[in-house]
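What the coordinates show
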Amino acid sequence: MAIRLDYLVFYIGNLSYGFDYVYTKRINGHAFYLRRLPQSEITDVADENFDFYNPHFSEDLHTPFNWKYDEKFTDLTRIWDHYSDVALGFIEDWADDYRAPVDPNSDQNVEWGIRFHSPNLKGEQLIYGVNAYPDRFDSFVNYLRSFDPEAPTNVPDDLPYSKGRFAN
């Protein structure tokens, strides 16, 4: 059984330069990808008002649409199940914590994290690290950024699929 995500947030950066955020979320029958570069507003992904969709794809044509955002996003509605399966396939074998020694010069440190939730999980899950990375970390980042509407990366070869660790 494929596990579907409600949302996944990825961030990477440091306190000196700021953090690059990727938000993916499924809400009200549609799903989206949004990237915010360092120094941009950080958003609470669980906020019901944090929502991006194309009104032209809305099934209910009578619902008024109030375009709130001036940011480019990617509609993931049609591929959300596949996206969830692959994203979880990358991270399901990762530990919760990857920390290596920190450099006294904060410019040299790289902090990253993944926050995600699924209806199958109790509460939000967090995986993070500082100056240390799990297997296939770069492939995971490339996969996420392959959905970026302005600077997409190449989808990695040999995508993993969820084995069901997060099933219950």
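Residues numbered from 1 in each chain as written. Predicted model: local features only at pLDDT ≥ 70, side-chain atom pairs only at ≥ 80, totals over all residues. Heavy atoms only, no water.

Moving on, we come to the nonpolar core. Note that soluble globular proteins tend to have their nonpolar side chains buried in a common cluster. Formed by 30 residues in total, the largest nonpolar core has its most connected members in Leu-8, Phe-10, Ile-91 and Phe-140. Contributing elements (two or more residues each) for this core: β1 (7-14), β3 (30-36), α1 (80-91), β6 (111-117) and α2 (137-145). Take this core: its biggest share by element is seven residues, from α1. Formed by 10 residues, the second largest nonpolar core is a distinct cluster that contains Val-9, Tyr-23, Leu-34 and Phe-73. (Core = buried A, V, L, I, M, F, W, Y, C linked by side-chain atoms within 4.5 Å. Buried < 20%, exposed > 50% of the residue type's maximum accessible area, 1.4 Å probe, protein only. Helix = DSSP H or I, 4+ residues; strand = E, 2+ residues; numbered from the N terminus.)

Before going further, it helps to examine the packing of aromatic side chains. Tallying each qualifying case throughout the model produces 18 aromatic pairs. Considering the side-chain rings of Phe-10 and Phe-137, the 6.0 Å spacing of their centres and the 55 degrees angle between planes classify their relative orientation as tilted. Highlighted residues: Phe-10 in strand β1 and Phe-137 in helix α2, separated in sequence by 127 residues. Phe-10 sits in the buried class, given a relative accessible area of 1%. Where Tyr-143 meets Phe-147, the ring centres are 5.3 Å apart and the plane angle is 80 degrees; that geometry is what we call edge-to-face. Across this residue pair, the class does not change: Tyr-143 and Phe-147 are buried. (Phe/Tyr/Trp six-rings, centres within 6.5 Å; stacked < 30°, edge-to-face > 60°.)

This part takes up the side chain of Asp-20. The residue Asp-20 is located in strand β2 (residues 18-27) in this model. Overall, the relative accessible area of 9% leaves Asp-20 in the buried class. Among the polar contacts listed, one links the side chain of Asp-20 to the side chain of Arg-145, at a separation of 3.0 Å. Residues within four places of Asp-20 in sequence aside, it is in contact with Phe-10, Tyr-11, Ile-12, Arg-35, Arg-36, Leu-37, Pro-38 and Arg-145. (Polar contact = N/O pair within 3.5 Å; in protein donor to acceptor, adjacent residues only side chain to side chain. Contact = heavy atoms within 4.5 Å.)

As a further point, take the packing of α1 against α2. Where α1 meets α2, the closest approach of the two axes is 10 Å, and the angle between their N-to-C directions is 160 degrees. In terms of orientation, α1 lies roughly antiparallel with respect to α2. The handedness of the crossing between α1 and α2 comes out as left-handed. Together, His-82, Tyr-83, Val-86, Ala-87, Phe-90 and Ile-91 of α1 and Ser-139, Phe-140, Tyr-143 and Leu-144 of α2 make up the contact between the two elements. The class makeup of the residues in the contact of α1 with α2 is eight nonpolar, two polar and no charged. (Axes fitted to C-alpha atoms, helices over the stretch in contact; angles between N-to-C directions. Parallel < 35°, antiparallel > 145°, perpendicular 65-115°, else oblique. Left-handed = near helix turned anticlockwise from the far one by under 90°. Nonpolar A, V, L, I, M, F, W, Y, C, P; charged D, E, K, R; others polar.)

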